[in-house]
Amino acid sequence: MYASLLSNRYLTSRLIPFIAIAAVALCVALVVTVVSVMSGFLDMLKSSGRLIVGDVIISSGIGGMPYTDEFLVDLKGLKDVQGATPLIDTIGLLRMPYPRGDQKEVSHVQVWAVDPISLATVTDYANDLYWRPPADAAASAAMSDEDPRKHLDIDVLNDGKTLVQSRTGAPGITLGMHVSIGNARQKDGSYLPRYGWFMPGNDVTLTVVPVSGQGKIAEPREQIFPVLNEVQTGIYEVDRNRVYIPLPEGQRLLRLDEAPLYDLNAEPGPDGRYPQIGTTPARVTKILVRAKPDVSANQLRAEVELCYAAFAKRINADNSRVASMPDFVNILTWEQQLADLIAPVEKEREMMRVLFSLIYLVCAGLILSIFWSIVVEKTRDIGILRSVGASRFGVMWIFLRYGLIIGILGSGLGVLLAWLIVRNVNAIHEAIGSDAPPVIWIGAFVLTGICALGMIYAIWRGRLLAILLWLLGTTVLGLIATGLALHHGTLIWDPSVYYFTIVPDQVDWGTARWTFLFGVVFSVIGAAIPASKAADIDPVEALRYG
Amino acid sequence: MVNHIIATHVPPIIEARGVRKTYDIGSLPVEVLKGADLTVQSGEWVAVLGSSGSGKSTLMHLMGGLDRPDDNGGEIRFDDRPISVTHGKRLDSYRNRDIGFVFQFYHLLQELNVFENAMLPGMVGNWMTGHGSARAVARESARRLLDSFGLSHRLAHKPSQLSGGERQRVAIARALVNSPRVLLADEPTGNLDTSTGAGILDLLAERHAAGLTVIMVTHDAEVAARADRIVKLVNGRVTDQALTW
């Protein structure tokens, strides 16, 4: 009872414990905020990654895999497969329709030649098409005149799902959201056309270079595609680089389509051609596979490996086939496929966790130094307590309890502060990235003026401490006010660095729980040393103290 | 020369036998008590009179269990039990229940109000025993004592808001709250003016009349004269034990 009474009184009768609570709270808030954002970033990366490439990826060399239609039938027959889709993954140059004039901008892009219907069963492709046509005439009428969709043929946007222009039957292209310069991101995360370039409805020219299985480069091939829509996966690297074209167009441009096979050892016919002895099958370079719910990527990968081995064995044993399956293909889970993206972020998060955890030592050191001074100050009280029968443990418990209260309050406030910061991190980021409202910086200048007046009054009264504090307030507020007045926005979360266009805003409650616990434990550890010193104080010397 | 002039068959309540105590002042050992003997019967008021540095406060600390004699430096017995070799909870309990301390500089806790200061030994005792009823007893005892000392209107005041005499009365209330058998008072009037000091001595006399054993340390012969018996401490030894009546 006396320990709790004295702990509470020592806590509430002076300012320094509140400084200790604030310091612990800031330390805890810093750890929880940083790790939460990093964890959220990692989670977004993982969930987005799976939605972009499916659960398992089968990749062959540049020559591609033949007979994939048959292999897809085998794959889809596996009990744990929800969907599978073939594609060709290559690089190309994209000639944009801007600027006006003869010199057009050319961008290097990652080209995915896909079957958009089956792609939508494996990835989130259909949902990632950004521009949605108005649902009906009333919705169209409600759109602002600035909205480019209002003046566009509705079918153009719907055609993104099939990659075929329904009006002409021509193959089309969809672009990642940041491939063109035409999209300006708004504060609410939406996009509006910029510089008058709304890409759907425009034509672009794609150039790719066919490469044979032996690595020989053929003549570059190019094709004009109408842009049908734009795709936002949420991963900036993907949205900045990737374009989607129909699989048959990709196969044709890259010479991976079906082709007649001639017998070059036979005599040419009257038309000078060698006799055709068959047809080489079309090829793809990748197959993406999606697992059924509750099936792990690793489990599916094992099944796919067995399936491919059996299929390749069957095909290669069939002498009627004109092409053989590659002996070796890469079969990876989405995490393995994106390891070079995910692993550094995971390592970075753990490094941050370890580095920021050093803050616990700061907590302990802070509490130790504060408590040491309090124990010295309260030496006589300790003597008094011992004289009325308080035990050494009882004296120690006063200070341990004191540390416990500071730890619990500080850590609790720290978690609360972190929650407030993380939940509002995008609003804070927007505020930092925007001009400061005049009312804020004018208010800061007014406060600076008040501090300056306080300093003048303190000079008049000759109070040194007051002069110093008012001077500090004037300087800090003056700098803040000037900074706000001159501030025109700073982009901290650069999507080109962090892949995503929004900052993760979910608290990592696991980390929050552990950080709270460590904050309390290290506060008690910090208090334990001065508390032990207090318990060891000789009561007679303590009574003589001061 | 020690004169044991009080001869009785009743065992003494507190007894110091050949007590020696040495302090290290820097690197120099200074022997403060050089074989002090003192016997106090239950219900006595004994004044230990001595000049500054004679060892009287040290003797009081040893009798109160705050300190120990040197190894082989005699012993302190309370109610025929050796205190000087007692440790831990027993010693804490002795200081809490059997003994009450009053100091020259009051030694009140500044963060606690008058009532809480007076309650302190009761709260410590309650914490030691874990008996909730002890708290209620201590609360009632503190209230009654403060009331009898004329401090009932000061219960919520902090020590800094009290006069010296009031502070010392609070300190006496604190010393008595657990109804100890012996009150050890170290220069209880040393920090007070004459009339306030006299009031404090009246208060001690009143408690003594009610049966409390009081051992008072002082350098002031006039203050010592209020006791039943004066024990002179010179150069670390008890030299005289005389009745004042």
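Residues numbered from 1 in each chain as written. Chains lettered and ligands numbered in written order. Predicted model: local features only at pLDDT ≥ 70, side-chain atom pairs only at ≥ 80, totals over all residues.

Trainee: Quick question: what am I supposed to make of the overall build of chain B here?
Mentor: Helix and strand content of chain B: seven helices and ten strands. Counting the 245 residues in chain B, one finds 48% classified as buried. Within chain B, contacts between residues separated by at least 24 positions form 70% of all contacts whose residues are at least 6 apart in sequence. (Helix = DSSP H or I, 4+ residues; strand = E, 2+ residues; numbered from the N terminus. Buried ≥ 20, exposed ≤ 12 C-beta atoms within 10 Å, placed from the backbone. Contact = placed C-beta atoms within 7 Å.)

Trainee: Is there a simple way to explain the confidence of the model for chain B in this structure?
Mentor: In low-pLDDT segments, the atomic positions of the prediction should not be examined closely. Per-residue confidence for chain B gives a mean pLDDT of 85, with 90% of residues at or over 70. Overall fold confidence for the complex sits at a pTM of 0.68, while the interface term, ipTM, reaches 0.87. (pLDDT = per-residue confidence, 0-100.)

Trainee: Looking at this structure, how should I read the interface of chain A and chain B?
Mentor: Interface size, as often reported, equals the accessible area lost upon joining of the parts. In this assembly, 21 residues from chain A lie in contact with 24 residues from chain B. At the level of elements, helix H1 (2-12), helix H13 (379-387) and helix H20 (539-544) of chain A are the ones that each hand at least two residues to the side of chain A that touches chain B. Here the side of chain A that touches chain B gets six residues from one element, more than from any other, and that element is H1(A).

Trainee: How should the packing of helix H5 (residues 164-176) of chain B against helix H6 (residues 194-209) of chain B be read in this particular structure?
Mentor: Axis angle and axis distance: for two packed helices, these are the angle between their axes and the distance between the axes, and together they describe the pair. Residue and element names in this part refer to chain B. Look at H5 against H6: their axes get within 9 Å of each other, and the N-to-C directions meet at 20 degrees. Considered as vectors, H5 and H6 are oriented roughly parallel to each other. Both H5 and H6 take part in a crossing whose hand is right-handed. Packed against H5, whose contacting residues are Gly164, Gly165, Gln168, Arg169, Ile172 and Leu176, the element H6 presents Thr196, Gly199, Ile200, Leu203 and Arg207 at the interface. In terms of residue class, the contact of H5 with H6 is made up of four nonpolar, five polar and two charged. (Axes fitted to C-alpha atoms, helices over the stretch in contact; angles between N-to-C directions. Parallel < 35°, antiparallel > 145°, perpendicular 65-115°, else oblique. Left-handed = near helix turned anticlockwise from the far one by under 90°. Nonpolar A, V, L, I, M, F, W, Y, C, P; charged D, E, K, R; others polar.)

Trainee: Hey, could you run me through the environment of Ala126(A) in this one?
Mentor: All names here are of chain A. Mapped onto the fold, alanine 126 is located in helix H5 (residues 125-128). Judged by the 14 C-beta atoms lying within 10 Å of it, alanine 126 falls in the partly exposed class. With near-sequence residues (within four places) excluded, alanine 126 lies in contact with Ala120 and Lys161.

Trainee: Even after reading the chapter, I still don't get the packing of helix H12 (residues 339-377) of chain A against helix H19 (residues 509-536) of chain A, so can you show me in this structure?
Mentor: Residue and element names in this part refer to chain A. Packing of H12 against H19 leaves a shortest axis separation of 8 Å and a crossing angle of 30 degrees. Of the possible angle classes, the one that applies to H12 and H19 is roughly parallel. The chirality of how H12 crosses H19 is right-handed. Listed contacts from H19 to Tyr360, Cys363, Ala364, Gly365, Leu366, Ile367, Leu368, Phe371, Trp372 and Val375 of H12 are Phe518, Gly519, Phe522, Ser523, Ile525, Gly526, Ala527, Ile529, Pro530, Lys533 and Ala534. Grouping the amino acids of the contact of H12 with H19 by side-chain chemistry returns 16 nonpolar, four polar and one charged.

Trainee: Just checking my understanding: could you explain helix H1 (residues 56-63) of chain B for this structure?
Mentor: Note on helix geometry: an α-helix contains 3.6 residues per turn, so any two residues three or four positions apart are oriented the same way. All names here are of chain B. Most of H1 is tucked away: eight of the eight residues are buried. Taken as a whole, H1 has its buried residues at Lys56, Ser57, Thr58, Leu59, Met60, His61, Leu62 and Met63. Backbone geometry just downstream of H1 places glycine 65 in the positive-phi region, at approximately 75 degrees.

Trainee: What is the right way to read the nonpolar core from this model?
Mentor: One broad rule of soluble globular proteins: the nonpolar side chains tend to lie buried together. Core analysis: the biggest nonpolar cluster contains 130 residues, and Phe399(A), Leu59(B), Ala118(B), Ala173(B) and Ile215(B) have the highest contact counts within it. The biggest single contributor to this core is helix H14 (residues 392-423) of chain A, with 13 residues. Once residues lying within four places of it in the same chain are set aside, the contact partners of Ala173(B) are Ala118(B), Ala142(B), Leu145(B), Leu146(B) and Phe149(B). If you look at the next biggest cluster of nonpolar residues, it comprises 66 residues, including Ala84(A), Leu129(A), Val231(A) and Ala291(A). (Core = buried A, V, L, I, M, F, W, Y, C linked by C-beta atoms within 7 Å.)

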